[in-house]
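Read off the chains here:
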Amino acid sequence: MKKVYYLWVAASLIISSVALPAAGEKRPDRPKLVVGIVVDQMRWDYLYRFRERYAETGFKRILGEGFSCENTLLNYIPTYTAIGHASIYTGSVPAIHGIAGNEFFIQATGKSLYCTRDEEARSIGTPDENAAVGKMSPRNLQASTITDELELATNFRAKVIGVSLKDRASILPAGHAADAAYWFDGDSGCWITSSWYRDALPAWLEEYNRTRPAEKLLALDWNPLYPIETYLQSAPDDNPYEEPFSGNVSPRFPVKTSELARTLGAGLIRSTPHGSTMTLDVARLAIDNEALGADEITDFLAVSLSSPDYIGHQFGPNSIKIEDAYLRLDKELGEFLSFLDKRVGKGNYLLFLTADHAGAHNAQFLLDNDIPAGNWKEGETRTALNLHLKERFGKEKLVASLSNYQVTFNRALLDDAIDRDALRAATVAFLEQVEGVAFVVEMEKVASAPIPAAIRERIINGYNRALSGEIQIIMKPAWYSDRDRRGATHGTWNPHDSHVPLLWMGWGIPRGRSNTEVYLTDIAPTVAALLRVQMPNGCIGKPIIDILK
Ligand SMILES: [Zn+2]
């Protein structure tokens with residue numbers, strides 16, 4: 001009799017975990033699982049630009065069943081991957097969370113620092129535990145994340161896992177208290193982690209690595225989903241704006257990844273849609289093997305899809321490669337959603353999908369179509385600026401870097417003989433004359449700078465006194481550093497870089513859309529409000545009221 005009862009309980013648990021809560025039934029206080037999906041470099045307009053050929057199961061399903069914040073902007077500069085992920089999950093900005101770029105300068109020492117570099121961490125999953133690829137952690141992230149807050153709210157009983165090809169896109173979302181963050185090592189073709197989280201890979205991930213997933217997927221090549229002439233939203237396949245895979249004289253389809261992998265290695269998968277396939281495979285394995293969303297304590301899976309960023313950089317937004325990548329991503333997203341429906345139960349998970357930044361068009365492509373744009377010769381500017389400053393102040397190489405569109409001075413050379421105010425003023429006056437530059441602002445004087453308020457606020461939010469350069473360069477729209485002459489890039493304040501999708505679906509989410517301006521920093525406090533947990537401790541964002549009504 002007892003046995004029958006237990007079978008009945010077990011059966012009803014299975015049924016309740018796959019079924020929608022019936023009308024009138026009390027909703028659980030929290031979802032079983034939160035799934036955060038970041039599509040690296042996804043522009044907001046991709047939701048509509050390729051819509052005609054999206055399936056009903058992917059982006060269209062989320063738009064139909066969920067809520068779309070159509071006017072979501074990044075409220076800081078520079079607009080790069082590490083900052084985007086940190087800002088989504090902390091609800092904060094570089095001034096506070098301390099992730100001032102993918103790479104930035106510790107101003108006091110003049111040393112450059114990679115955002116997730118941690119010399120104390122050991123690499124887990126690589127043959128050498130000192131391998132740089134795994135010496136990573138969230139140590140440099142100075143604020144708590146929404147994932148940390150979920151751990152704190154549940155006395156660390158929640159399971160939190162981050163998954164991405166990029167270390168920074170896995171680590172910064174998963175936060176400090178996560179159970180694990182996994183990322184991809186292109187050299188070994190394996191998924192790895194660091195000793196911050198664990199001393200060994202879980203058996204399920206070791207087993208997955210043994211199947212050589214990247215090699216298997218690369219063996220499939222990259223052929224377009226549809227006949228090439230049907231990609232009406234993109235430039236012809238062979239054009240001068242795209243960067244060929246090295247070894248390929250033309251960027252044209254088909255991309256023989258099976259052959260290219262022999263020289264480029266497994267890391268090639270990053271720049272193909274197969275990278276997203278593999279990332280979602282690991283996400284599914286994590287859900288199954290770590291029992292995410294299986295009990296009453298809310299878990300959090302932070303997935304970031306990096307391949308769209310690599311593809312965008314190499315080929316640009318007007319390429320068939322990007323169009324095809326999004327058509328494929330749409331299908332894979334649909335499959336992932338139906339996997340979540342089966343495993344966690346429709347209505348039992350809360351999902352958001354956004355991007356860490358968007359991306360601009362190739363400058364030459366715009367120019368050839370009579371739209372203003374340009375390539376800023378960053379290296380030439382730095383050399384000329386250093387010569388100019390040498391004449392005035394008597395020292396060579398006073399400027400260490402112009403990266404992140406900021407001037408970092410060579411602090412070791414700055415002694416009492418150099419008047420710092422005069423040095424900054426001379427630098428500003430010089431840079432203001434450079435072609436393509438719109439404004440040059442001394443960070444400490446930004447509050448009184450005669451620039452549009454929207455840009456001023458983004459500078460202030462992005463300026464971390466200890467980690468940012470002393471002077472900010474604001475380019476004219478569509479002007480970028482010439483390091484990216486082919487393909488395309490991002491990094492500036494303008495809407496091509498800073499307008500991203502923000503979609504919500506599932507537990508607690510009404511149907512609808514809104515054009516109210518919201519920011520990347522509003523995501524974490526909105527999740528906090530939905531979960532009824534504390535917002536992160538550096539949060540400056542606000543809950544999105546349209547969703548919470
Ligand atoms: Zn990028």
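What counts and what doesn't
Residues numbered from 1 in each chain as written. Predicted model: local features only at pLDDT ≥ 70, side-chain atom pairs only at ≥ 80, totals over all residues. Pairing = 2+ DSSP bridges. Helix = DSSP H or I, 4+ residues; strand = E, 2+ residues; numbered from the N terminus. Axes fitted to C-alpha atoms, helices over the stretch in contact; angles between N-to-C directions. Buried ≥ 20, exposed ≤ 12 C-beta atoms within 10 Å, placed from the backbone. Core = buried A, V, L, I, M, F, W, Y, C linked by C-beta atoms within 7 Å. Contact = placed C-beta atoms within 7 Å.

K.L.:
What's the story with the sheet that holds strand 15 (residues 471-475) in this structure? I'm lost.
P.N.:
The strands making up a sheet associate through backbone hydrogen bonding, with each pair oriented either parallel or antiparallel. Pairing is antiparallel in the open sheet, where four strands are placed in the order 12-13-15-14. Unpaired on one side and paired on the other, strand 12 (399-401) and strand 14 (437-442) mark the two borders of the sheet. Neighbour to neighbour, the strand axes of the sheet diverge by 35 degrees on average, direction disregarded. Summarising the sheet, strand 13 (residues 406-409) and strand 15 pair through two bridges and their orientation is antiparallel. The residue of strand 15 that forms the bridge with V407 is I471.

K.L.:
Quick question: what am I supposed to make of unusual backbone geometry here?
P.N.:
Among all residues except glycine, the phi angle is most often negative; among peptide bonds, the trans geometry is most common. A cis amide bond, omega -5 degrees, links I77 with the succeeding residue P78. For P78, the location among the structural elements is in the loop between strand 2 (67-73) and helix 4 (81-90). The peptide bond linking F253 to P254 adopts the cis configuration, its omega dihedral lying at -5 degrees. The residue P254 is located in the loop between helix 9 (213-218) and helix 10 (257-264) in this model. For D370, which is not a glycine, the phi torsion comes out positive at approximately 65 degrees. Take D370: it is sitting in the loop between helix 14 (363-368) and strand 11 (374-376). In this structure D370 comes out as exposed when scored by C-beta crowding, with 6 C-beta atoms within 10 Å. Of note, N404 is a non-glycine position whose phi angle comes to about 60 degrees, a positive value. Secondary-structure assignment places N404 in the loop between strand 12 and strand 13. When the 26 C-beta atoms within 10 Å are taken as the criterion, N404 is described as buried.

K.L.:
Which parts of the structure should I look at to understand the environment of A453?
P.N.:
Checked against the element boundaries, A453 lands in helix 17 (residues 453-462). According to the C-beta neighbour criterion, A453 is exposed, with 7 such atoms within 10 Å. In this structure the C-alpha to C-alpha distance between A453 and M505, which are 52 residues apart in sequence, comes to 33 Å.

K.L.:
Looking at this structure, I do not really get the pairing of strand 15. What am I missing?
P.N.:
A regular strand places its side chains so that they alternate between the two faces of the sheet. Of all five residues in strand 15, five are buried, a share of seventy percent or more. Residues I471, I473 and M475 point to one face of strand 15 and Q472 and I474 to the other, with burial holding for every one of them. Summarising the sheet, strand 14 and strand 15 pair through five bridges and their orientation is antiparallel. Each residue of the ladder has a partner; that of F439, found in strand 15, is I474.

K.L.:
For this particular structure, what's the right way to read the pairing of strand 1 (residues 33-39)?
P.N.:
Counting buried residues along strand 1, seven of its seven residues qualify, which places the element largely inside the surrounding structure. Alternating positions in strand 1 separate into two faces, L33, V35, I37 and V39 on one and V34, G36 and V38 on the other, with burial throughout. With six bridges joining them, strand 1 and strand 10 (residues 349-354) adopt parallel strand pairing. Each bridged residue has a counterpart across the sheet, and for L33 the counterpart in strand 10 is Y349.

K.L.:
In this structure, what is going on with the nonpolar core? I would like to understand it.
P.N.:
Nonpolar side chains in soluble globular proteins tend to be buried together. Counting 154 residues, the largest nonpolar core has V35, I161, W191, L301 and A524 as the members making the most contacts within it. Excluding anything up to four places from it in sequence, A524 contacts I88, Y89, T90, G91, I146, M535, P536, C539 and G541.

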